[in-house]
Amino acid sequence: MSSETTASTERTADSVAERLHIAGLPAPGYAPADAVLSVRDLNVRFNSENGVVHAVRGVGFDLLPGKTLGIVGESGSGKSVTSLAIMGLLPPTAEITGSVRLNGKELLRLSDKAMCKYRGNDIAMVFQDPLSSLTPVYTVGHQIIEALTVHHPKMSKQATEARAVELLRMVGIPSPKDRLKAFPHEFSGGMRQRVMIAIAIANNPRVLIADEPTTALDVTIQAQVLEVLHTAQEETGAAVVMITHDLGVVAGMADDIMVMYAGKPVETGSVDDIYYNPRMPYTMGLLGAVPRVDISEKISLVPIEGIPPNLVHKPTGCSFAPRCPLVSDACLQGEPELWPVGGPRGGANGLPASGTHQAACIKTDSLGAEVDVHEIFHAPAVPVSRFDAVPRLERKTVLELKDVRKHFPLLKGALIKRRIGTVKAVDGLSFDIREGECFSIVGESGCGKTTTLLEIMEFHKDQDGEVTIGGLSNKAASDARTKNAMRKELQMVFQDPTGALDPRFTVYEVLAEPLENQGMDKPAIRKRIMELMKLVGLQPDHVNRFPNQFSGGQRQRIGIARALAVNPKLVVLDEPVSALDVSVQAGVINLLDKLRAELGLSYLMVAHDLSVVRHISNRVAVMYLGKIVEIGDVDSVFDNPRHPYTRALLSAIPVPDPQVERTRERIILQGDLPSPLDAPKGCNFATRCPVFAALPAAKQEKCLTLEPPLEPAASSQAAQAAPDQQFACFFPDGELDADMLVVHGAP
Amino acid sequence: MTNLNAIDPAAVAEEAKIENDDVVIAKSAIILRRFLRNKTAVAGLAIFLALTVFSFVGGYLTPWDKETIDPFNIGMPPSADHLLGTSQAGIDLYALTVEGTRISILIGLVVGLASVLIAAIYGCTMAYFGGKVDKVMLFILEALIMMPALLVVAVATSGGGNGLQENLPSWLLLIIVLLVFSWMGTARLIRSLSMSLMQRDFVKAAQYMGIPARRIVWRHLVPNIGSLLVLDITRGVTGAILAEVAFSFIGIGIKVPDVSLGVLIGQATSQVATFPWMFWVPLVVMFLLTGSLAMMNDGLRDAFDPSSGSIGSANRSKTQKTAKKNSK
């Protein structure tokens, strides 16, 4: 029945190739002869409690050797399932139809054993989470050699070892020969992902599938890994399928892009077509929903309302129609196929040569470049806070940190613990937040951002350093009363909206909890909850639902509503949007912006996504190993970064703009965060600093022995340009080491 | 099937409804559905319910009770007068079995439920407070595990507990003693589970809102380990029934004139050859009781375990769905 339903929707396109294809016969000249991987009409179904989920619906593409195809989509759009179906890694309970051809050989109906001949040999995969994709009990060398010997059993031990060393060197692991004997836990996340890439390219695969290869990594490490993927592709000449939700990551790498929505490709084309001339409202919305790190002008983001459709039910019309602002009755008349943009309709075969711009929208032709996406999606105006007009120094301080420290002792020994060192998670942090301001802390994982938040939330007398919240100092917080008063001033929004809500509470109970705790009476609570629901843009009659009945974005809105319940002055946001999809993220960011303006809130935000930070913050602090290395007004720090670390961070962020990506110079930092045990004596950053590496030895000495203080620029001219900016570096104007700079010319 | 592209207004309305309510199935509904899919478990549940009903209403179906002696039928095999025969004292075995089953189920349910409840509160409290509180409470728990339950039961129900015995029926005494010794294992399990729950953000959120510790344990921790608790209740019930049978069998549990399945089995062991019905009937009932609980437990585990293969494959149910559609 399934093939019949898909066929009937396709019947509109009456080309010979299409009909032959429906009949299950490969049409002559249907797939380009030189394609290494061609996928046709791939359909995947799973069973769930709600019924059969049609997770992938008619995906098709051709991959030419040496080319990169980026598959972009939100979670649940079927991109990972597509890759797993190609690799034959789906569970036997899934039903897969269609065709996947590798160099003309059909892969789809092969047995697991027959598939093993191809997997890891002709077609290899890099998974998302490097921490769990290596076996912890075998050495890295063993695992690389295993990949080699499985497919080349005759290879001698010396040969495999030599190849393993070569591979590790290729992916940029220092002293590869010694590292062969290292176990995965001795490697950092980025290094493990390099090893995964080494294993994937061990047998010179024709096709390399990378499923969100950098999502679990920090920006600076992401830049390194993308660089490694690039080299790996150059070395092996493999075709790469890059699956990601981040439009920035693929902008610089991919040749072609396929945008997926609800299990179907909705727009395909070359990178430039998709980014500069999108013709499907969904793609346009996605591009408008991403905040840009390289643009200072504040425009609100494009929110895409609603949630992706449930794939248990066959969409009656265009699957995007319920969320599309341009929807008309015609959109509900059957699901649109991919049409060539600007070309004749229905005439071309279903899947023309790769790179042709196609979009699945009946209004494709009216959506030219001149259409403003902000207008289409009714993006709200940029909200203005009443505090914006008041100079910063005249506003009240809502939070002040003075020299806050958090050191953890590092102990060793089973019976008698001895201290072998100290982890300085937070080391002498001072900053303040004024009314109506959003202050962000950025940095790589392990730099102490989260510890800082926890120190503030703890609010304890015995803390090292002083935390003042709304005039209440932690030094005076002896009794529960002061603490309760402080809890009224300060609330928190968590990173993972699912984990932050008790699954057994209805929304009403979730929101009532803080109010009950403040001793409010029942009718007042009910009134306040209705207010809150409206405030965060949820339907008030949804209060009796459980959190699992909401989408991720709605859950985060509930989390925000809970934080706002007691009318706090300051809200702490711990990566508030990092767990959300791009289109949903935009809505939440707009909401946060609106609330800040309307309620005069202050935010303390921790985030690793610098684009989000730039969009929402007024001031920003960059942290490295427990210290602030640069702090100041967000525009001056982002447009004119002085500390080399800030410069490296900013250059590592991928921008969803292929032109910029191709010509931009990147600072690729060497190595990872140093272990806290051998933290450098002088400047923390000296071990990875691109400026330091280029300095003459005499000046290097200063970096190694003295700790640079956090102060405004020395030269009066620079200080005047950005009076609020402070940084901790001796040589902010020093030249960068050439080895660490990478520029990709146009391919 | 041919005209798929036309929109059926009813279908649109249905879709809208689905968008609103039906898509997200409540967890309890999923669990029930998965449980019902396991036929063995459903059979187990049916047997258990039937036995429970039997133990309460079975007494009214016979003119005899557990105390009336029938002087004309002493030690008689099953007959029309006495469905399951009589004991060597001339008491109707059917009446005895009904009474014994009720006591056994009562003991099982009370001990199973109460011990899990105690374990949940004790374990959650330990996990929530941690540190010194955790250490002291863990010590008490370990000490109880070390104590030989058998001896305490023997002392309490026979020699030592005379005062108690006068005031309480022997089955209540046994329940109390069994309770004291049955919750420790579960409590340790719950402690470790709650410790991992403590790391979840919603507990942190409650702490940052200034919710008192007592409320967090009761409102956030206990309900969230509910699925484990349900599993542990059925396991606890089985354990309690078996313990009662074992104690009564060796003569330190339920005391005559109270009867239980264990007492019946224990009394009959010496005369298996002469009065076989006296031995086999209560034994079969006991097997049905514990066996049905074990069958149920298996299904419950399937229902609660999200990774179990209870969903089935896409292929199979699609054909079922097709069949349904075609039949419409």
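Residues numbered from 1 in each chain as written. Chains lettered and ligands numbered in written order. Predicted model: local features only at pLDDT ≥ 70, side-chain atom pairs only at ≥ 80, totals over all residues. Heavy atoms only, no water.

Once that is clear, we can look at the overall build of chain A. Secondary structure assignment for chain A yields 26 helices and 26 strands. Here chain A holds 747 residues, and the buried ones make up 56% of them. Total accessible area on chain A stands at roughly 30,300 Å², and carbon and sulfur atoms take up 53% of it. (Helix = DSSP H or I, 4+ residues; strand = E, 2+ residues; numbered from the N terminus. Buried < 20%, exposed > 50% of the residue type's maximum accessible area, 1.4 Å probe, protein only. Areas by Shrake-Rupley, 256 points an atom, 1.4 Å probe, with all protein chains shown as cover.)

Our next topic: the packing of aromatic side chains. Residue and element names in this part refer to chain A. Overall, the coordinates contain 14 aromatic pairs over all chains when judged by the stated rule. A ring pair is formed by Tyr261 and Phe320, whose centres lie 5.2 Å apart and whose planes are at 85°; its orientation type is edge-to-face. One end of the pair, Tyr261, is in strand β9 (residues 256-261); the other, Phe320, is in the loop between α12 (281-289) and β11 (339-340), and 59 residues separate them in sequence. Owing to a relative accessible area of 2%, Tyr261 belongs among the buried residues under this scheme. Classification of Phe320 by relative accessible area gives buried; the value is 1%. Plain terms: the ring middles of Phe431 and Phe439 are 4.6 Å apart, the flat faces sit at 20° to each other, and that makes the pair stacked. By relative accessible area, which is 5% here, Phe431 ends up buried. Of the residues examined, Phe439 reaches a relative accessible area of 0% and is grouped as buried. Here the aromatic cluster, defined as three or more aromatic residues joined through ring pairs, consists of Tyr261, Tyr282 and Phe320. Sitting over the ring of Phe187, Arg179 keeps its end group 4.6 Å from the ring centre. (Phe/Tyr/Trp six-rings, centres within 6.5 Å; stacked < 30°, edge-to-face > 60°. Lys NZ or Arg CZ within 6 Å of the ring centre and 35° of its normal.)

Moving on: the pattern of salt bridges. All chains considered together, the criterion is met by 31 salt bridges over all chains. Between Arg219(B) and Glu516(A) there is a salt bridge whose closest N-O contact spans 3.5 Å. Of the two residues, Arg219(B) is situated in helix α11 (residues 213-224) and Glu516(A) in helix α16 (residues 507-517); the pairing between them involves two chains. Residue Glu516(A) is classed as partly exposed on the basis of its relative accessible area of 35%. Across the pair Arg528(A) and Glu531(A) runs a salt bridge whose closest N-O atoms are separated by 2.9 Å. In this pair, Arg528(A) and Glu531(A) both sit in helix α17 (residues 522-535), 3 residues apart, roughly one turn of the helix. Of the residues examined, Glu531(A) reaches a relative accessible area of 39% and is grouped as partly exposed. (Salt bridge = Lys/Arg side-chain N within 4 Å of Asp/Glu carboxyl O.)

So, about the sheet that holds strand β3 (residues 68-72) of chain A. All names here are of chain A. Taken in spatial order, the 8 strands line up as β6-β7-β8-β3-β9-β10-β12-β11 in an open sheet, and their pairing is mixed. The sheet is open, and its two edges are formed by β6 (123-126) and β11, each paired on a single side. Of the strands in this sheet, β9 and β10 (264-270) touch α12, which is tilted by about 100° from β9. (Pairing = 2+ DSSP bridges. Contact = heavy atoms within 4.5 Å. Axes fitted to C-alpha atoms, helices over the stretch in contact; angles between N-to-C directions.)

Residue and element names in this part refer to chain B. With 16 residues, helix α5 (residues 131-146) should cover 22 Å at 1.5 Å per step; its first-to-last C-alpha distance of 23 Å lies within 8% of that length. Those residues of α5 lying buried are Asp134, Met137, Leu138, Leu141 and Leu144. The buried side chains of α5 occupy one side of the element, clustering within an arc of 120° when seen end-on. Those residues of α5 that are exposed and angled more than 90 degrees off the buried face are Lys132, Lys135, Val136, Phe139 and Met146. On its buried face, α5 is in contact with α4 (93-129), α8 (170-182) and α9 (184-198). (Expected span 1.5 Å × (residues − 1). Arc of directions from axis to C-beta.)

Once that is clear, we can look at unusual backbone geometry. Residue and element names in this part refer to chain A. Positive phi is not limited to glycine here, since Glu575 has a value of about 45°. Take Glu575: it is sitting in the loop between β19 (570-574) and α19 (582-599). By relative accessible area, Glu575 is classed as buried at 8%. Here the phi dihedral of Leu625 falls at roughly 50°; this positive angle occurs in a residue that is not glycine. Along the chain, Leu625 falls in the loop between β21 (619-624) and β22 (627-633). Judged by its relative accessible area of 15%, Leu625 falls in the buried class.

The term disulfide refers to a covalent linkage connecting the sulfur atoms of a pair of cysteines. Evaluation of the coordinates by the stated rule reveals 0 disulfides over all chains. Here Cys331(A) is not cross-linked by a disulfide; its sulfur's nearest cysteine counterpart is in Cys318(A), at 6.0 Å. (Disulfide = S-S within 2.5 Å.)

All names here are of chain A. One way to put it is that helix α8 (residues 189-200) packs onto helix α9 (residues 219-236) with a least axis distance of 10 Å and a crossing angle of 15°. On the basis of the axis angle, α8 is roughly parallel to α9. Judged by the twist between their axes, the crossing of α8 over α9 is right-handed. Counting all contacts with α8, which are made through Gly190, Gln193, Arg194 and Ile197, the residues of α9 involved are Ile221, Gln224, Val225, Val228, Leu229 and Ala232. Residue composition of the contact of α8 with α9, grouped by class: 6 nonpolar, 3 polar and 1 charged. (Parallel < 35°, antiparallel > 145°, perpendicular 65-115°, else oblique. Left-handed = near helix turned anticlockwise from the far one by under 90°. Nonpolar A, V, L, I, M, F, W, Y, C, P; charged D, E, K, R; others polar.)

Attention now moves to the sheet that holds strand β15 (residues 438-442) of chain A. Residues and elements named next belong to chain A. Taken together, the 8 strands give an open sheet; going across it, the order is β18-β19-β20-β15-β21-β22-β25-β24, and neighbouring strands pair in mixed fashion. Single-partner strands in this sheet number two, and they are β18 (490-493) and β24 (711-712). Note that β15 and strand β20 (residues 602-606) share 4 bridges and pair parallel. The residue of β20 that forms the bridge with Cys438 is Tyr603. Against the sheet, helix α22 (residues 644-652) contacts β21 and β22, and its axis sits at roughly 105° relative to β21.

All names here are of chain A. Burial of β18 is two-sided: the residues Leu490 and Met492 facing one way and the residues Gln491 and Val493 facing the other way are all buried. Of the strand pairs in this sheet, β18 and β19 are connected by 4 bridges, and their pairing is parallel. Its bridge partner lying in β19, Met492 is registered against Val572.

Glancing now at the packing of α16(A) against helix α18 (residues 552-564) of chain A. Residue and element names in this part refer to chain A. Between α16 and α18, whose axes approach to 8 Å, the crossing angle comes to 25°. Between α16 and α18, the angle is such that the two are roughly parallel. Crossing of α16 against α18: the hand is right-handed. Seen from α16, the contacting residues are Val507, Val510, Leu511 and Pro514; seen from α18, they are Ile558, Ala561 and Arg562. Broken down by class, the residue content of the contact of α16 with α18 amounts to 6 nonpolar, no polar and 1 charged.

On to the confidence of the model for chain A. Residue and element names in this part refer to chain A. Summary statistics for chain A give a mean pLDDT of 82 and a share of 90% for residues scoring 70 or more. Contacts from residues 1-29, a stretch scored under 50 in pLDDT, to residues over four places away or in other chains number 40 contacts. In the predicted structure, residues 344-353 sits below a pLDDT of 50 and forms 17 contacts with residues beyond four places in sequence or in another chain. (pLDDT = per-residue confidence, 0-100.)

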